[in-house]
Amino acid sequence: MSSIPIINILSPHVADLIAAGEVVERPASAVKELVENAIDAHARNITVEIRAGGMKAIRVTDDGCGMSPEDAGIAFLRHATSKLHDADGLSCIATLGFRGEALAAIAAVSHITLLTRAKGESTGTRLRLCAGEIEEMTPAGCPEGTSISVEDLFYNTPARLKFMKSDRAEGSACAAAALRCALGHPEVSVRFSKDGVEQFFSPGDGQARSAVYALLGRDVAMGLLPCAGEVDGVSVTGFVSAPHASRGNRAMQFFFLNGRAFRSAALQAALEQAYRNTLLTGRFPACVLYLTLAPGKADVNVHPTKSEVKFSEEKKVFDAVYCAVRAALEERETQSTAEICLSPGTRRAAAPRRDFYQTMSAAAFRERTGQAEPQTARAPAPFAPEQTRMTLHQEAVPYGTSRTIPRPELPQPRPAAPQMQAEPDEKAAASGVPSAQTEPEAAPAPAAPEDYRVIGEAMNTYIIVETGDALLLIDKHACHERIIFDRVSAGLGAQMRQTLLVPVTYSPGAGAVELLERNLPLLEEAGFVLERFGEDGVIIRAVPADTDGSEIAMLEEILNTLQTGRGGDPRETVCHTIACKAAIKAGSRSDPAELDALAARVVSGEIRYCPHGRPVAVRLTRRELDKQFKRIV
């Protein structure tokens, strides 16, 4: 007969150790909590010093409001806080700390020395604690503000101590925690030192760009684009990386809500969806995004470390981030459309460029975030069915012939998504100066037309184009693939098909056939006509127009991507495959008219990246060539 378990009430000391394990996971947790306390105390200068990865010592010094002797005596008790007074305060938290657990948790597993003096007081207070118990409390002379030293972290919890990583790893985590706090509050100057060596210092001038430059470095800062937008009360500002400045991981993605650093799979999905088809597989954008919304619309009390946030209207926040990032990328493309082909000092109006990245399927979004589907923007009108290939010039243009691209008309302004529409700026309208949301009444003075000359093609792969004082090398397959991808994405339902004279039998297996049947409506939209053939096969009766006859290869590629889930949205998987198979193949000879048509699309700035995110053109300037030939130094 088994014994009946007896319920015991844990001692306060054991309860404190359990609570400390939830809040203080490692030295970086202590650094984060102490720096956030300093920011809540209205400090303008904070110094963080650690030794031995924070295991031996952590000291945080600030010039904030400080504490009176009475407050210092109770600050290390559990649930003692100056930021929350009743239950109603939990619904609109505007401070970084609020639960009153951090100081008690840190004190329970370390030795602490506190020096503090309140503003206007003549003397301060010195407090020493061991395992959460006050051993000494005396008056002391010290500057206004607070200095707290944490020594021998986890000395009384050997089980936790043995799971700590090396001093180097723990020190890096402490630096990352302090950096996130500094990045979230550009108005605060944060200095971080490790083993007596300063690691970083933020100026605290209130400028986000200054903080990014000082904390993330020049290389990262130079590759960032300003980003701003607002959707339904959710304001987004900050910076996102240009496509060429992508990273190999998500370590440079920083999200802040009302100054609080947090993690969010939904916002990562919104960010990366905005870059869809502009980044190579395995590359990720960098960002420093500051979200501002009413405190009552977000719950920061869902995780012991306060590193996660739950939004009451997550879809609006998703849309705000997505629209702001897309607007930043489109603005960058508009400003730099002609830079690859214009001589120095020459600029022209940006050529209209269709955008097909604003639709995210419900399945893809649910897979990435576990949430409901995002709001989608209306897709552009489909191309006419007869436009089955790119339009070529009517007359052939021999190699070496110079062509002029007339200056295109200014494009009609198009908001990134319906939520981004805003009222016109009344002051701008009154003064006659067009605002960012209004159409200019008159186009600027016409710029000089752009001249280019198709010299020929190299290796039956690259088009050589002379434009201004530079040479362009264009990957013809990548360029044509992008053109077809955009067309197919815009008018998938109007895709032309070609019936096979001899139907082809394909046997991928019973499971694969079922997957094809589940996606049959999409495949029919794309131009495929399939019939079930036995238990594990299909008959291919028609394929999308202009493909190269590799019917089985196309279906195999679509199946492989759908089975592995690497492609995300099945619609884009199909579009990618059709575009790749229908595009001009590298290594095949092209006629001059076809090369000229491709070159015109690149020189005008309409085509910049292939559907996989690779650049379609490389620019060599006259200066770079002269340096290679030692004509200049």
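Residues numbered from 1 in each chain as written. Predicted model: local features only at pLDDT ≥ 70, side-chain atom pairs only at ≥ 80, totals over all residues. Heavy atoms only, no water.

**Brief notes about the environment of Ser189**
Note the following rule: Helix numbers and strand numbers start at the N terminus; a helix is a DSSP run of H or I with at least 4 residues, a strand a run of E with at least 2. Exposure is judged per residue with a 1.4 Å probe applied to protein chains only, and the accessible area is read against the type maximum: over 50% gives exposed, under 20% gives buried, and values in between give partly exposed. Contacts are assigned to residue pairs with any non-hydrogen atoms lying within 4.5 Å of each other.
Relative to the helices and strands, Ser189 resides in strand S7 (residues 189–194). For Ser189, a relative accessible area of 5% gives the class buried. A C-alpha to C-alpha distance of 4.8 Å links Ser189 and Asn45, two positions 144 residues apart in sequence. Not counting residues within four places of it along the chain, the set of residues in contact with Ser189 comprises Arg44, Asn45, Ile46, Phe201, Ser202, Pro203 and Gly204.

**Re unusual backbone geometry**
Excluding glycine, residues mostly carry a negative phi; peptide bonds, for their part, are mostly trans. Even without glycine at this site, Phe154 takes up a positive phi of about 65°. The residue Phe154 is located in the loop between strand S6 (145–151) and helix H5 (158–161) in this model. Even without a glycine there, the phi angle at Met459 is positive, about 60°. Along the polypeptide, Met459 turns up in the loop between strand S17 (450–458) and strand S18 (462–467).

**Topic: the packing of helix H13 (residues 476–490) against helix H18 (residues 592–603)**
Quick note on the threshold: Fitting a line to C-alpha atoms yields each axis, with helices limited to the stretch in contact; the angle taken between N-to-C directions then spans 0 to 180 degrees. An angle counts as roughly parallel when it lies under 35 degrees, as roughly antiparallel when it exceeds 145, as roughly perpendicular when it falls between 65 and 115, and as oblique in every other case. Residue classes follow a fixed rule: Ala, Val, Leu, Ile, Met, Phe, Trp, Tyr, Cys and Pro count as nonpolar, while Asp, Glu, Lys and Arg count as charged, and any other residue, Gly among them, counts as polar.
Taken N-terminus to C-terminus, the directions of H13 and H18 make an angle of 70°; their axes are 10 Å apart at the nearest point. Taken together, the axes of H13 and H18 lie roughly perpendicular to each other. Contacts between H13 and H18 involve Lys476, Cys479, His480 and Ile483 from the first element and Leu595, Leu598, Arg601 and Val602 from the second. A breakdown of the residues in the contact of H13 with H18 according to their chemical character gives five nonpolar, one polar and two charged.

**Thoughts on H13**
For an α-helix, 3.6 residues make a turn, and residues three or four places apart therefore share a direction. What counts here: In a helix, the anticipated span is given by 1.5 Å times the number of residues less one. Here a polar contact is recorded for every N or O atom pair within 3.5 Å, except that within protein the pair must consist of a potential hydrogen donor and a potential acceptor, and residues adjacent in sequence are included only if both atoms are side-chain atoms.
Under the 1.5 Å per step criterion, the end-to-end length of H13 is 21 Å for 15 residues, consistent within 8% with the ideal 21 Å. Counting buried positions along H13 gives 15 out of 15 residues, so the element sits mostly inside the fold. N-capping of H13 is provided by Asp475, with a side-chain oxygen placed 3.2 Å from the backbone N of His477.

**Describing the sheet that holds strand S22 (residues 537–544)**
Our working definition: Strands qualify as paired when DSSP identifies two bridges or more between them.
With antiparallel pairing, the three strands of this open sheet are ordered in space as S20-S22-S21. The sheet terminates laterally at strand S20 (497–506) and strand S21 (529–533), the two strands that pair on one side only. Neighbour-to-neighbour, the strand axes of the sheet open up by a mean angle of 15°, direction not taken into account. Taken together, the five bridges between S21 and S22 define a ladder with antiparallel strand orientation. When the bridges of S22 are listed, Glu531 appears paired with Ile539.

**Quick word on helix H9 (residues 265–274)**
Along H9, eight of the 10 residues are buried, which leaves the element largely enclosed by surrounding structure. Every buried residue of H9 is accounted for by Ala266, Leu267, Ala269, Ala270, Leu271, Glu272, Gln273 and Ala274.

**Details of the sheet that holds strand S10 (residues 234–241)**
Where strands meet in a sheet, backbone hydrogen bonds hold them as pairs that are either parallel or antiparallel. The five strands are arranged S9-S10-S13-S11-S12 in an open sheet whose pairing can be described as mixed. Of all the strands in the sheet, the pair left with one neighbour each is strand S9 (224–231) and strand S12 (260–262). Averaged over all pairs of adjacent strands, the angle between strand axes in this sheet comes to 20°, irrespective of strand direction. Where helix H6 (residues 167–184) meets the sheet, its contacts fall on strand S11 (253–257), S12 and strand S13 (287–292), and the angle it forms with S11 comes to roughly 55°.

**What to know about the confidence of the model for the chain**
Low pLDDT means the predicted atomic positions in that stretch should not be read closely. In plain terms, the rule: pLDDT measures the predictor's confidence residue by residue and takes values from 0 up to 100.
Averaged over all residues, the pLDDT of the chain is 76; the fraction at 70 or higher stands at 72%. The low-confidence segment residues 337–449 (pLDDT under 50) makes 215 contacts with residues lying over four places distant or belonging to another chain.

**A word on the pairing of strand S4 (residues 124–130)**
With five of its seven residues buried, S4 lies for the most part within the structure. Relative to S4, strand S3 (residues 111–117) runs antiparallel, the two sharing six bridges. Counted as the bridge partner of Leu115 is Arg126 from S4. From the end of S3 to the start of S4, which pair antiparallel, there are six residues, and Gly120 there has a positive phi angle of about 85°. Bridge count for S4 against strand S5 (residues 133–140) is seven bridges, and the pairing is antiparallel. Paired with Leu129 across the strands is Ile134, a residue of S5. Between S4 and S5, which follow one another and run antiparallel, lie two residues, and Ala131 among them has a positive phi close to 55°.

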